[in-house]
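So you can see what is in the structure, the chains are spelled out below.
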Amino acid sequence: MQVVSRFAPSPSGYLHLGHALAALFAERAARAVGGRFLLRIEDIDAARCRAEYDAALQEDLRWLGVAWDEPVLRQSTRLEAYEHALAALRERALVYPCFCTRADIRAEVARSPSAPHGPDGALYPGTCRTLTEAERTERIQSGAPFAWRIDVARAVASIGHPLYWRDAAAGEMRSAPETLGDVVLARKEVGTSYHLAVTVDDAFQGVTLVTRGTDLFHATHMHRLLQELLGLPVPRYHHHGLVTDEEGIRLSTRDGATALRTLRQKGWTPQDVRRRIGLAEGAA
Ligand code: GLU
């Protein structure tokens, strides 16, 4: 089976060294075995994404020498597919509307010191999971903003057997989506979320090898669950290390100094970038 990998940046800023690693890693993983390498623009969040960043990221990738197979997929063109996927989960009552604001959630977590925590902090405490159908209808009809959250416990129970995924670095993993809790799958203003859109699109694009940084390792637990619920194929995974500074601290996305165009203006060559991130040409 031909390997298909992808690089999936969000056009919400300029590409930095961490993106360069993710892009080159994904490209190499596919090309080394005669596979295809795709570019997907994750532009679902209209409030944060801008056309100028979209154009800039392609320019930066070309400068770096990254070459992707056409066509480029933009998630903003895929809203109907996400809507379908969400509808399938709604029909099976595996998602529920959540009316909590961030402040509501903070207050609820503060009230219950034993509230479960996951890799990214406190999990959603489940406040809206127990609303009755009548309460939900009433709140929706009153125009209250809401998000769709997955009912993880129910979704896992509906499958009834353990799920696994294979990571090239970490080996066989048993999916543990409950460690992320009832994550948001869609919002009112953005009819999908990172988790839902990535899962649906990796399948749509025929991606067989998902490569990305270890910062997204935990997300794969949720993606594996969504694949099972939606009847989608399961790709292989390779979560790679992140670019760090001299002290071993992960470079911050907000640290403009690592933007590829800033480095370029300072005189860095693409080869300098590759060396800095440990992916120099010819290196294994
Ligand atoms: N769009 C995500 C990001 O920029 C990456 C998605 C993925 O590789 O799964 O962090």
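Quick note: structure is the one above.
Residues numbered from 1 in each chain as written. Predicted model: local features only at pLDDT ≥ 70, side-chain atom pairs only at ≥ 80, totals over all residues. Heavy atoms only, no water.

A few words on the pattern of salt bridges. A full pass over the atoms with the stated rule returns 18 salt bridges. Linked by salt bridges that have partners in common, R6, R40, E42 and D202 make up one network. (Salt bridge = Lys/Arg side-chain N within 4 Å of Asp/Glu carboxyl O.)

What follows covers the site of the ligand. Around the ligand, the neighbouring residues are R6, A8, S10, E42, Y194, R212 and L216. In the model, an oxygen atom of the ligand is placed 2.7 Å from a nitrogen or oxygen of the R6 side chain. In the complex, the protein chains occlude 77% of the 300 Å² of accessible area that the ligand would expose alone. A class-by-class count of the residues in the shell around the ligand yields three nonpolar, one polar and three charged. (Near = heavy atom within 4 Å. Polar contact = N/O pair within 3.5 Å; in protein donor to acceptor, adjacent residues only side chain to side chain. Areas by Shrake-Rupley, 256 points an atom, 1.4 Å probe, with all protein chains shown as cover. Nonpolar A, V, L, I, M, F, W, Y, C, P; charged D, E, K, R; others polar.)

Our focus in this paragraph is the sheet that holds strand β10 (residues 184-187). If you trace the three strands from one edge of the open sheet to the other, you get β4-β7-β10, paired in antiparallel fashion. Looking at strand neighbours, the two that pair on one side only are β4 (95-98) and β10, the edges of this open sheet. Neighbour to neighbour, the strand axes of the sheet diverge by 30° on average, direction disregarded. Note that β4 and strand β7 (residues 147-150) share four bridges and pair antiparallel. Bridging from a neighbouring strand, Y96 pairs with R149 of β7. (Pairing = 2+ DSSP bridges. Helix = DSSP H or I, 4+ residues; strand = E, 2+ residues; numbered from the N terminus. Axes fitted to C-alpha atoms, helices over the stretch in contact; angles between N-to-C directions.)

Turning to the packing of aromatic side chains, a few remarks are in order. On inspection of all chains with the given rule, the structure shows five aromatic pairs. When the ring of W165 is compared with that of Y237, the centres are 5.5 Å apart and the planes differ by 70°; the resulting orientation is edge-to-face. In this pair, W165 sits in strand β8 (residues 164-167) while Y237 sits in strand β12 (residues 236-240), placing the two residues 72 residues apart along the sequence. Taking the relative accessible area as the measure of exposure, Y237 reaches 2% and is therefore buried. Directly above the ring of F204 sits R78, whose terminal nitrogen or CZ lies 3.6 Å from the centroid. Across the ring face of Y124, the terminal group of R149 is positioned such that the distance to the ring centre comes to 3.8 Å. (Phe/Tyr/Trp six-rings, centres within 6.5 Å; stacked < 30°, edge-to-face > 60°. Buried < 20%, exposed > 50% of the residue type's maximum accessible area, 1.4 Å probe, protein only. Lys NZ or Arg CZ within 6 Å of the ring centre and 35° of its normal.)

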